[in-house]
Every structure is written in C-alpha cells, then in structure tokens.
Amino acid sequence: MLKERIQDYFNNRPSLRVLFFFDPEEEYLDEVNQLELPDIHIEKYNNTPFSTKYKLVCELKLERVFLYLPMASPQNQKSYHEFPLMVCF
C-alpha cells in the first residue's frame, strides 16, 4: 500500500524531487525496508542533517527521492524553520 501511495504522489506531482515521510513511531519501517521503487531512490535519515542535505543536493540532485525520517514532522512555523533539511527544498 505504501509503495502505491509513494508512486502516486510522485506521478501526480512531476516537479516533486524529494518526498519527506515522517514516521515518529516507526510504524512503517518494515515496509520501507522492503520497498523497491524503480526510478525512486529510497533514503533513510540517520540523524546526520549535513550529510543527508549534501547527499540530496549534490549526489542525488537528478533523482526522485523518498526520504524516510523516523521522527515527528515539524508542527509549527518555528520548528519548520529550524528543521535543517527543509531549507534546501
């Protein structure tokens, strides 16, 4: 089910390059570990914002990326602006 949702999201938004997927309870971790998506790179965030940002901006700049983040999403304007990965997209 997650695989289809990801594919649909990218197909319906052709300019989308990085899809952030926040999973604070890691409910979807097993499903993400088994994902195989042609033409979509699956990247798991490991709490290294600089390395992840570099990878997204430089190494994966021409690819569509599904970014799995085992954390809560920013819930307000302040936390959104402080989230280090949001600045590059």
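Computed from a predicted model, the values in this text were never measured in an experiment.

1. Focus on the overall build of the protein
- Looking only at helices and strands, the protein features 4 helices and 3 strands.
- Along the protein, from the amino end to the carboxyl end, the secondary structure elements read α-β-α-β-α-β-α.
- What you see for the protein is a C-alpha radius of gyration of 13 Å, in line with the 12 Å of a compact globule of 89 residues.
- Taken along the three principal axes of its C-alpha coordinates, the protein extends 35 × 30 × 25 Å.

2. What to know about the packing of aromatic side chains
- What the rule picks out here adds up to 6 aromatic pairs.
- Geometrically, the ring pair formed by Phe 20 and Phe 22 is stacked, given 6.3 Å between the ring centres and 15 degrees between the ring planes.
- Ring geometry for Phe 20 against Phe 83: centres 6.5 Å apart, planes inclined by 70 degrees, an arrangement best described as edge-to-face. A residue pair is termed long-range when its members are at least 10 positions apart, and Phe 20 in strand S1 (residues 18–22) and Phe 83 in the segment after helix H4 (77–82) qualify at 63 residues. Taken as a pair, Phe 20 and Phe 83 share a single burial class, namely buried.
- Ring pairs connect the aromatic residues Phe 21, Tyr 28, Phe 66 and Tyr 68, which therefore count as one cluster.
- Over the ring of Tyr 9 we find Arg 13, and its NZ or CZ is 3.7 Å from the ring centre.

3. Some points on helix H1 (residues 2–12)
- The complete set of buried residues in H1 reads Leu 2, Ile 6 and Phe 10. Buried residues along H1 cover an arc of 65 degrees about the axis, so they all sit on one side. Exposed and oriented more than 90 degrees from the buried face of H1 are Asn 11 and Asn 12.

4. What to know about the environment of His 41
- Checked against the element boundaries, His 41 lands in strand S2 (residues 40–44).
- Residue classification places His 41 among the partly exposed positions, given a relative accessible area of 22%.
- Sequence separation between His 41 and Leu 67 is 26 residues; the distance between their C-alpha atoms is 8.4 Å.
- Beyond its immediate sequence surroundings of up to four residues, His 41 is in contact with Leu 60, Glu 63, Arg 64, Val 65 and Phe 66.
- In terms of polar contacts, His 41 uses its side chain to reach the side chain of Glu 43, at 2.8 Å.

5. So, a negative patch on the surface
- A cluster of acidic residues, Glu 4, Asp 8, Asp 30 and Glu 31, forms a negative patch on the protein surface.
- At the level of secondary structure, the elements contributing two or more residues to the negative patch comprise H1 and helix H2 (29–33).
- In this structure, Asp 8 sits in helix H1.
- When its relative accessible area of 46% is taken as the criterion, Asp 8 is described as partly exposed.

Reading the values: the criteria
- Residues numbered from 1 in each chain as written.
- Predicted model: local features only at pLDDT ≥ 70, side-chain atom pairs only at ≥ 80, totals over all residues.
- Heavy atoms only, no water.
- Helix = DSSP H or I, 4+ residues; strand = E, 2+ residues; numbered from the N terminus.
- Rg over C-alpha atoms; globule rule 2.2 N^0.38 Å.
- Phe/Tyr/Trp six-rings, centres within 6.5 Å; stacked < 30°, edge-to-face > 60°.
- Buried < 20%, exposed > 50% of the residue type's maximum accessible area, 1.4 Å probe, protein only.
- Lys NZ or Arg CZ within 6 Å of the ring centre and 35° of its normal.
- Arc of directions from axis to C-beta.
- Contact = heavy atoms within 4.5 Å.
- Polar contact = N/O pair within 3.5 Å; in protein donor to acceptor, adjacent residues only side chain to side chain.
- Patch = residues over 30% accessible without salt bridge, like charges linked within 9 Å, V, L, I, M, F, W, Y side chains within 5 Å.
- Areas by Shrake-Rupley, 256 points an atom, 1.4 Å probe, with all protein chains shown as cover.
- Salt bridge = Lys/Arg side-chain N within 4 Å of Asp/Glu carboxyl O.
- Lys, Arg positive; Asp, Glu negative; His and termini not counted.
- Charge placed at Lys NZ, Arg CZ, Asp CG, Glu CD.

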